Amino acid sequence: MTISAPDLLAVERMITMRLPTASHEQERVEQTRRLVRVTAELTRTLSTYSRHALVHCQGSAGTTDLGEDTARLTPSIVRGTAGLRATPVARRPDHHASQQSAPAPM
């Protein structure tokens, strides 16, 4: 469940590259949208966990179930990490160099 700097760089490349054919570009956009959905879920889950943990650590019992938050957070982290690491188009070292980025359509 580790996200490395190369993982984030690969994601950045996938998000910002533009591919010359419509079919490859559509695939890239779909991959990017899936990744954004997964990372948005991770952000929401982590935010909820952090807010609830802060309430509980301040000495008040809180009304939330931190165990339930933890149970939701773990699979969210796994999905988020897997999503970030699964960037096949951007990860191929030869792909970015051989496929010059086409200008974005206007």
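Source: prediction; values computed, not measured.

1. Here we look at helix α2 (residues 22–57)
Given a rise of 1.5 Å per residue, 36 residues ought to cover 52 Å, and the 52 Å separating the end C-alpha atoms of α2 matches this to within 8%. Inspection of α2 places Glu25, Arg28, Gln31, Thr32, Leu35, Leu42, Thr45 and His52 among the buried residues, and these make up the whole buried set.

2. A word on the pattern of salt bridges
Evaluated as defined, the whole model comprises four salt bridges. In this structure, Glu41 engages Arg79 in a salt bridge whose closest nitrogen and oxygen atoms are separated by 2.4 Å. Of this pair, Glu41 sits in helix α2 while Arg79 sits in helix α3 (residues 66–85); the two residues are 38 residues apart in sequence, bridging distant segments of the chain. For Arg79, a relative accessible area of 39% puts it in the partly exposed group. Linking Asp69 and Arg72 is a salt bridge whose minimum nitrogen-to-oxygen distance equals 3.6 Å.

3. Overview of α3
For α3, which comprises 20 residues, the first-to-last C-alpha distance of 28 Å matches the rise-based estimate of 28 Å (1.5 Å per residue) to within 8%. Taken together, the buried positions of α3 are Asp69, Leu73, Ser76, Gly80, Thr81, Gly83 and Leu84. What you see down the axis of α3 is that its buried residues fit within an arc of 150 degrees, all on one side. Backbone nitrogen of Gly67 and a side-chain oxygen of the N-cap are separated by 3.0 Å at the start of α3; the cap is Asp65.

Cut-offs used in this document
- Each chain carries its own residue numbering, running from 1 in the direction its sequence is written.
- This being a predicted model, a pLDDT of at least 70 is required before a residue's local features are given, and a value of 80 or more before pairs of side-chain atoms are given or counted; all residues contribute to the totals for chains, interfaces and linings.
- Side-chain metrics rest on all non-hydrogen atoms present in the structure, leaving aside hydrogens and water.
- Counting from the N terminus, the helices are the DSSP runs of H or I reaching at least four residues and the strands are the DSSP runs of E reaching at least two.
- Given a helix with a known number of residues, its expected span is that number minus one, times 1.5 Å.
- The rule is simple: take the accessible area with a 1.4 Å probe, protein chains only, and divide by the maximum for that residue type; under 20% is buried, over 50% is exposed, in between is partly exposed.
- Only one rule defines a salt bridge in this text: a Lys or Arg side-chain nitrogen within 4 Å of an Asp or Glu carboxyl oxygen.
- Each C-beta atom gives one direction from the helix axis, and the arc is the one those directions make.
- N or O atoms within 3.5 Å of each other form a polar contact, as long as, within protein, one can give a hydrogen and the other can take it, and as long as residues adjacent in sequence are counted only when both atoms are side-chain atoms.

The values reported here are purely geometric and, on their own, carry no functional implication.
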